[in-house]
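# Summary of structural features
Next come the chains, spelled out residue by residue.
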Amino acid sequence: MALRLLWASRVASHLRISVAQRGFASAVLKDLKYADSHEWVKIEGNKATFGITDHAQDHLGDVVYVELPELGHSVSQGKSFGAVESVKATSDINSPVSGTVVEVNKELTESPGLVNSSPYEQGWIVKVELSDAGEAEKLMDSDKYSKFCEEEDAKH
Amino acid sequence: MSLSRAKDLGLPLMNLVRLKGIPILEQLHLEERLLRTSSHNWCIVNDGTNVPTIVMGMSGKPAQLLELGPVMEDRVPVIKRFTGGGTVIVDKSTLFVSLICNKDDVPNVQPYPRSVMAWSGSLYGEVFKGINGFQLRENDYVFGDRKFGGNAQSIIRNRWIHHTSFLWDYNVRNMGYLKLPSRVPQYRLERDHTDFVCRMKDYIERSDFVEKTIKAVGNQFTLKQVNLKDIDSYTEAENNLKTTRLLTLEELEKAMADTS
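Keep in mind the model is a prediction, meaning the values are calculated, not measured. (Residues numbered from 1 in each chain as written. Chains lettered and ligands numbered in written order. Predicted model: local features only at pLDDT ≥ 70, side-chain atom pairs only at ≥ 80, totals over all residues. Heavy atoms only, no water.)

### Considerations on the nonpolar core
- Residues B:W119, B:Y124, B:F128, B:F148, B:F166, B:M200 and B:F209 are the most contacted members of the largest nonpolar core, which totals 35 residues.
- Going through the elements one at a time, β1 (13-20), β2 (42-47), β6 (95-102), α5 (113-127), β8 (140-143), β9 (146-155), β10 (159-166) and α8 (206-218) of chain B are the ones with two or more residues in this core.
- When sequence neighbours within four positions are dropped, the list of residues in contact with B:M200 reads B:L95, B:F128, B:F143, B:F148, B:F166, B:L167, B:W168 and B:F209.
- Core analysis: the next-biggest nonpolar cluster, separate from the first, contains 25 residues, A:A56, A:V104, A:V126 and A:V128 among them. (Core = buried A, V, L, I, M, F, W, Y, C linked by side-chain atoms within 4.5 Å. Buried < 20%, exposed > 50% of the residue type's maximum accessible area, 1.4 Å probe, protein only. Helix = DSSP H or I, 4+ residues; strand = E, 2+ residues; numbered from the N terminus. Contact = heavy atoms within 4.5 Å.)

Spelled out as structure tokens, the structure:
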């Protein structure tokens, strides 16, 4: 746990955002928005960067492959656009916002494990040009997402 | 179990489709369609497939996994499926069981690989009760330390599929089309295919396995038999969502050439 919090603090410091500490639970970064399918998004003007959360990567296990979309591909909020493979499963990645893919993280082709080791930083998956900036209002902030994860885990 | 009794128990409904000898490509296309465009739970049992076929997982690379020369020479079909996991060669003796579930209908199972895998191990534990040595070992079904069932999954927003190919019997020659994969379970211990796998027929009667599997599923769901020809009424239009596909000869030739 101590290492995880240290890692989260370092990331937060680099990104100049603060960390919500959740004890033994997965790291959740403030100033990001979160989807209920466990993707995070960072919005900067008309562009957004997203990936899967620490909660997601922890539950998925070691990621061995990331299926990336093509540049120019249209993504829609809540709809799948790619997948990760871990253990024996392919798991959909759903887009937290709508837009057009302008960049994909090619590092993930050779190093899919970045999604596990650095889900909010080196493990980012796509960058899009937003088609509807207002959609971000539908997403959860860090406090709501933390609570959401706790409630989800408590059910099992 | 009567429908009224099942309702009393509050068991969710599951449609049961029993197939025989359906081509594995057709089976996988059906599964992908049911996973993504149906809201029902499904159990699909396919008793064998028509021709020996190699089936790789989503991220499978032919050059790494297959002996491409013999595969192309013998014209063995190669499929890349929509689920994860490894490579198998299936034929008329293989038994396939696929379970497609709404996550809310299996509330004690989190929609993540390890949770679904553990649930499946428990279900098949009922099937193989009394047969010594059965266990879910890492992600395989084994008797002792020999694998007889390979698993794979696909997880989408509110649903998941867990499907298994059971090695009822196998042709040693067919195993020769597969290379030793780079990612193997720890318990494999560098054994080649013939030392690593076993034949399910040495442990249980075929019909016994099928009936016990259906019974085990029926302990958690109310089963309703559905014929293949009636499935269209349960799904939406496909919208070209098939990712499972047959690799072309050109693709295999290119894979081979790229490694030379």
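### Here's the deal with the sheet that holds strand β12 (residues 245-246) of chain B
Residues and elements named next belong to chain B.
- Spatial ordering of the open sheet is given by β5-β3-β4-β12, a layout of four strands whose pairing is mixed. Two strands close off the open sheet at either side, each with one partner strand: β5 (88-90) and β12.
- Examined bridge by bridge, strand β3 (residues 53-56) and β5 share three bridges and lie antiparallel to one another. Bridge pairing in β5 links V55 to V88. (Pairing = 2+ DSSP bridges.)

### Topic: the sheet that holds strand β10 (residues 99-104) of chain A
Residues and elements named next belong to chain A.
- Spatially, six strands are ordered β3-β4-β5-β11-β10-β7 in an open sheet, and the strand pairing comes out antiparallel. Two strands in the sheet have a free side with no partner beyond their single neighbour: β3 (33-34) and β7 (74-75).
- As defined by bridge partners, β7 adjoins β10 across two bridges and the pair is classed as antiparallel. Within the sheet, the bridge partner assigned to V75 lies in β10 and is G99.

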